[in-house]
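Chain and residue survey
Here is how the chains run, residue by residue.
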Amino acid sequence: MPDKKNSIVNTRVIIIQKLYGKFFNKDEMALVMSFTPEEVKSINDAVSSRIALQVYQGLFKLNQRTLKVEPLLAKKMNVSDEVMISMQAVNKWFGSFHVLRDINLTVHKGERIVICGPSGSGKSTLIRCINRLEEHQKGSIIVDGSELTEDTKDIEKIRAEVGMVFQQFNLFPHLSVLDNLTLGPIQALGLDKKSAESKAYKLLERVKIPEQAKKMPHTLSGGQQQRVAIARSLCMEPKIMLFDEPTSALDPEMISEVLDVITDLSTDGITMVVVTHE
């Protein structure tokens, strides 16, 4: 009959290795062995919830103490004092429905935050107000020093600096993957076709689907389409990335491939805002 104590120890080691993606030296192993069964369960829950671990947390905290083993998948955020997004007393109505009520939000350069809440709570409306896809009726929104008003030039300037990934991908169905990526840089940034395609291939390589460049969107899986959407946003070299429920339309087995891409982006220092109900 297996020794119960050794079985618990082995389980701890396996779980913590999953969390940090590494093997441990003597000192780190001592720390792993000090975890109580309750702490191990909390860690295991976090491992299962890769969203919480890899995307939305700069450091993984457990029972009010920060683990001393540096995670490989959850790096510290390099946040500056520069404010990229400022929302002050923002209000938004749909008819008589008051969807956003006196919202205050400050996001600094390099910061990565998540807005989490149930469906219908106004998360997507809030994030769509940041690039004026939805118009707020009261309060102020300032993005990278420019206030969102009815001035079309300000709106165009902000949209040029803000990339957005939608829940339903929103790829152009009549264009190939490559053409989806090159359209913006050619039309908005003035790049020639060769330069735009070179940039597109590099980004498709980064999101791990370069072989899909010539295909049409409808031939791709949901996870692949979402990665194309991320690459398309990156082609515009945005200072800010907005993710509107980026995994909610995906099958469970496809979620991790999109999260891996988002996690990789988080190491670039891009300011990121993610909304989710998960």
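Conventions we followed
Residues numbered from 1 in each chain as written. Predicted model: local features only at pLDDT ≥ 70, side-chain atom pairs only at ≥ 80, totals over all residues. Heavy atoms only, no water. Helix = DSSP H or I, 4+ residues; strand = E, 2+ residues; numbered from the N terminus. Pairing = 2+ DSSP bridges. Axes fitted to C-alpha atoms, helices over the stretch in contact; angles between N-to-C directions. Contact = heavy atoms within 4.5 Å.

So, on to the environment of Leu 234. Following the sequence through the fold, Leu 234 ends up in helix H9 (residues 222–234). Distance from Leu 234 to Leu 203, taken between C-alpha atoms, is 7.5 Å for residues 31 residues apart in sequence.

Turning our attention to the sheet that holds strand S9 (residues 240–244). Read from one edge to the other, the open sheet built from 4 strands follows the order S5-S10-S9-S8, with strand pairing classed as parallel. In the strand order of this sheet, the two ends are held by strand S5 (112–116) and strand S8 (162–165), each with one partner. Direction aside, the axes of adjacent strands within the sheet are offset by 15° on average. As defined by bridge partners, S8 adjoins S9 across 4 bridges and the pair is classed as parallel. In the strand pairing of S9, Val 162 is matched with Ile 240. Running over the sheet, helix H5 (residues 123–130) touches S5, S8, S9 and strand S10 (271–276) and is turned about 155° from S9. Contacts from H9 reach S8 and S9 within the one sheet, and its direction differs from that of S8 by about 175°.

Keep in mind that these numbers describe shape and distance, not what the molecule does.
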